[in-house]
Amino acid sequence: MDELQHECGIAALYHLPDGGTSAIVPPEGAAETSRLMPRVLLDLQNRGQLAAGFTTFNPDREQILETYKQLGTVIEAFRLSHPAKAESVMMEHAGRAAIGHVRYATCGRNSRNYAQPFERPHGCKWKWFSIAFNGQLANFQELRSELLALADYHLTRETDTEVLMHFIAHALRGDERPDLFDVFSDISRRFDGAFNVVFLNALGDMVVLRDPNGIRPLCYAQDGPLFAAASESVALLNLGFQDVRSLEPGEMIVIQDGVLRRRRFAPPQRRAHCFFEWIYFANVASVLDERSVYLARSRLGEELARQEHSLNRVPFDADTIVVPVPDTGKAAADAMAYALGLRSVEGLMRNRYVGRTFIDGENRGNRARLKYTPLREVLEGKRVLLIEDTIVRSTTLQSLLRHLRERGGAKEVHVRVACPPIVAPCFYGIDMSTIRELFAPRYMKGPQPTVAEQERMAADLGADSLFYLPVDAVARSIGLPADRLCQACLTGDYPTPAGERLYQLALRQRNDAAAQGRTYEQAAARSS
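Remember, it's a predicted structure, so these values are computed and weren't measured experimentally. All chains use their own residue numbering, which begins from 1 and follows the written sequence. Given that this is a predicted model, residues contribute local features only at a pLDDT of at least 70 and side-chain atom pairs are listed and counted only at 80 or more, while totals for whole chains, interfaces and linings are drawn from all residues. Excluding hydrogens and water, the side-chain values take into account all heavy atoms of the structure.

1. Things to note about helix H9 (residues 293-311)
- Secondary structure elements are taken from DSSP: a helix is a run of H or I of four residues or more, a strand is a run of E of two residues or more, and numbering for both begins at the N terminus. Multiplying one less than the number of residues by 1.5 Å gives the expected span of a helix. With 19 residues, H9 should reach 27 Å at 1.5 Å per residue; the first-to-last C-alpha distance of 27 Å fits that figure.
- The N-terminus of H9 is capped by serine 292, whose side-chain oxygen sits 3.3 Å from the backbone nitrogen of tyrosine 294. Distance and chemistry together define a polar contact, namely a pair of N or O atoms within 3.5 Å, with one atom able to donate a hydrogen and the other to accept it when in protein, and with adjacent residues in sequence counting only for side-chain atoms on both sides.

This is how it looks when you write it as structure tokens:
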């Protein structure tokens, strides 16, 4: 269900000086490798729709680094619906290397000033750089306060990306050009949370880095002289790369003086891949850390089918149909229906031209009417097993249930959630940072919901029944051990110290009517 806001997607492209040829390089040649970036970002559009942009490197241009970014989707930002305007952008920003970004805000305002990449010009080429960031620093407020405590420091944006930019700039302040491996190895020790970074400077040096916990995904590939990296594998596969791999947590790829090196910049830490990437965020065609998104969602559907047999609440007859909430619920719904011998049908059609429910944030219930059309011809008189990927705040689902009955004519609607209850905030890049905004904790007294608690949830939402999957179903479905996943929003077990501190603050503020805003904003207020 489109209630969640994800942080961003990042990408990088580099045509190395010596390495043969690649059929992926655009017809205009290696000097215009940057033309591939909008295509890469289109396949990361699911990770952010507020803004898109790129920085390109061209040593023969007066502006060696040139940054272009605009509000809107990739098509809107790069003017792809207007060929002449899009061509003008590509020609003006042509380069043999580029970094790119698609944005949704978990930190900072919704304005062009917050669109990425962030460029920091300087007269010294190795101090002139641009960065794009995916994730969220859980200790952002502490880092920000530390910078502001320095003499004459001023920050112009309320975002962790600017903090990261200043830490890099501070590390580059000397008179001798440093090794970028040392720079990022040193500053990463200060960071707590999810931080995937792409970096490009005016000497043509590039860094692609994944945080030591591996919370957010990051993939890379090489075809002859052409190197590329992206938040998800599908963006590289669709470009034409064959051997796409996941960058290991705590690893970085450095291209310096035209030479590519892959090195570990941080000692091994607890792996904590965000399970939501497989359940909700990632493109269903992606493979993350060698685990297929589609297969994980399909196995969640098989888990739902096994649970449904044991529940014995709904007859498996011709009057019962399985209906996914588009689009992320479809793989689970299809697998569940197949296992139960029921029909999986598209009783809800998604209007793909309205945009994601969370783009504007307000009145989610009203937007559900615009976004989803119940098909009366499919639903009327039927007993519906509605398959939802997750429930966070419940506003959209409640409205949708009403429309399934009133506009669709469904006889019964039974909600089955292909995810356990969300009971705790996320401080690593998903915009759900308080307990009081979450649906399930209002009903649950223990770590898992009882049947009675789920019945009360169903009654309040207007469903005939509602059941979640248990927590252990997640790791089984993804195919990774539970201790290699971040499931903090399901269990309250956070993989980093700053995340745990923020959770304890969120627990204290749970019933505090005076506490307003995100938890990390309250942490800043308490420390000021």
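2. Points about the sheet that holds strand S18 (residues 343-344)
- The 5 strands lie next to each other as S18-S17-S21-S22-S23, forming an open sheet whose pairing is parallel. In this open sheet, the two strands that pair with only one neighbour each are S18 and strand S23 (465-468).
- In this sheet, strand S22 (residues 412-417) lies alongside strand S21 (residues 383-388) in parallel orientation, the contact comprising 6 bridges. The partner of isoleucine 387 across the bridge, within S22, is arginine 416.
- Here, two residues are considered to be in contact whenever any of their heavy atoms come within 4.5 Å of each other. Think of each axis as a best-fit line through the C-alpha atoms, taken over the contacting stretch in the case of a helix, with angles from 0 to 180 degrees between the N-to-C directions. Most of the contacts of H9 go to S22, to which it runs at about 125 degrees, and overall it touches S21, S22 and S23.
- The strands that helix H13 (residues 395-406) touches are S21 and S22; relative to S22, the one it contacts most, it runs at about 150 degrees. Any two strands between which DSSP finds at least two bridges are classified as paired.

3. A few points about the pattern of salt bridges
- The salt bridge criterion pairs a side-chain nitrogen of Lys or Arg with a carboxyl oxygen of Asp or Glu, the two atoms within 4 Å. All chains considered together, the criterion is met by 32 salt bridges.
- When the shortest N-O distance is used, the salt bridge between glutamate 158 and arginine 144 registers 3.4 Å. Pair noted here: glutamate 158 is in the loop between helix H4 (140-148) and helix H5 (160-171) and arginine 144 is in helix H4, with a separation of 14 residues, a long-range link.
- Burial classes follow relative accessibility: with a 1.4 Å probe on protein chains only, a residue under 20% of its type's maximum area counts as buried, one over 50% as exposed, and anything between as partly exposed. For glutamate 158, a relative accessible area of 31% gives the class partly exposed.
- What makes arginine 144 buried here is its relative accessible area of 17%.

4. Topic: the environment of valine 102
- Its place among the elements puts valine 102 in strand S4 (residues 97-103).
- When the C-alpha positions of valine 102 and glutamine 242 are compared, they lie 24 Å apart, and in sequence the two are 140 residues distant.
- Not counting residues up to four positions away in its chain, the partners in contact with valine 102 are Cys8, Gly9, Leu41, Leu44, Gln45, Arg47, Gly48, Ala51, Ala52 and Val74.

5. Some words on the state of the cysteines
- Counting rule for disulfides: a pair of cysteine sulfur atoms within 2.5 Å. All told, the structure shown has 0 disulfides when counted by the stated rule.
- Among the cysteines around cysteine 219, which has no disulfide bond, cysteine 274 carries the closest sulfur, lying 14 Å off.
- Given the relative accessible area of 1%, cysteine 219 is considered buried.
- Distance from the sulfur of cysteine 486, which forms no disulfide, to the nearest cysteine sulfur (cysteine 274) is 6.1 Å.

6. Some remarks on the sheet that holds S4
- With respect to topology, 7 strands assemble into an open sheet ordered S3-S2-S4-S1-S10-S9-S11, the strand pairing being antiparallel. In the strand order of this sheet, the two ends are held by strand S3 (65-71) and strand S11 (245-246), each with one partner.
- Note that strand S9 (residues 219-223) and strand S10 (residues 226-230) share 5 bridges and pair antiparallel. Residue pairing in the sheet places alanine 221 in a bridge with alanine 228 of S10.

7. A closer look at the packing of H9 against helix H10 (residues 330-340)
- Two elements in contact, H9 and H10, have axes whose closest approach is 7 Å; the angle formed by their N-to-C orientations is 40 degrees. Classified by the angle their axes make, H9 and H10 are oblique. The chirality of how H9 crosses H10 is right-handed. Between H9 and H10, the residues in contact are Tyr294, Arg297, Ser298, Gly301, Glu302, Leu304, Ala305, Glu308 and His309 and Ala331, Ala332, Ala335, Met336, Ala339 and Leu340, respectively.
- Considering only residue class, the contact of H9 with H10 consists of 9 nonpolar, 3 polar and 3 charged. The scheme is simple: roughly parallel for angles under 35 degrees, roughly antiparallel for over 145, roughly perpendicular for 65 to 115, oblique for anything else. Take the far helix as the reference: if the near one is turned anticlockwise from it by less than a right angle, the crossing is left-handed, and if turned clockwise, right-handed. Just so you know the grouping, Ala, Val, Leu, Ile, Met, Phe, Trp, Tyr, Cys and Pro go in nonpolar, Asp, Glu, Lys and Arg go in charged, and all remaining residues, Gly too, go in polar.

8. A word on the nonpolar core
- Buried Ala, Val, Leu, Ile, Met, Phe, Trp, Tyr and Cys residues form a nonpolar core when they are joined through side-chain atoms within 4.5 Å. Grouped together as the largest cluster of nonpolar side chains are 86 residues, with contacts concentrated most on Phe275, Phe276, Leu386, Leu401 and Met432.
- The residues touching phenylalanine 275, leaving out its near neighbours within four places in the chain, are Cys419, Val474, Ile478, Cys486, Gln487, Cys489 and Leu490.

9. Comments concerning H10
- Taken residue by residue, H10 has Ala331, Ala332, Ala333, Ala335, Met336, Ala337 and Leu340 as its buried positions.
- Check the buried side of H10 and you find it contacts H9, strand S17 (320-324), S18, S21 and S22.
- Positive phi shows up at glycine 341, right after H10, with a value of about 75 degrees.

10. Concerning the packing of H4 against H5
- At a minimum axis distance of 10 Å, the contact between H4 and H5 shows a crossing angle of 50 degrees. Judged by the angle between their axes, H4 and H5 are oblique. Crossing hand, H4 versus H5: left-handed. The residues of H5 that touch H4, namely those facing Phe140, Leu143, Arg144, Glu146 and Leu147, are Asp160, Val163, His166 and Phe167.
- Of the residues assigned to the contact of H4 with H5, the class counts are 5 nonpolar, 1 polar and 3 charged.

11. Considering a nonpolar patch on the surface
- Judged by side-chain polarity, Leu42, Ile75 and Leu80 come together as a nonpolar surface patch covering roughly 210 Å² of accessible area.
- Of note, isoleucine 75 is situated in helix H2 (residues 74-77). Residues forming no salt bridge and having over 30% relative accessible area are the ones grouped into patches, like charges within 9 Å of each other and nonpolar side chains (Val, Leu, Ile, Met, Phe, Trp, Tyr) within 5 Å. Accessible surface area values rest on a Shrake-Rupley calculation with a 1.4 Å probe, where residue burial reflects the displayed protein chains alone.

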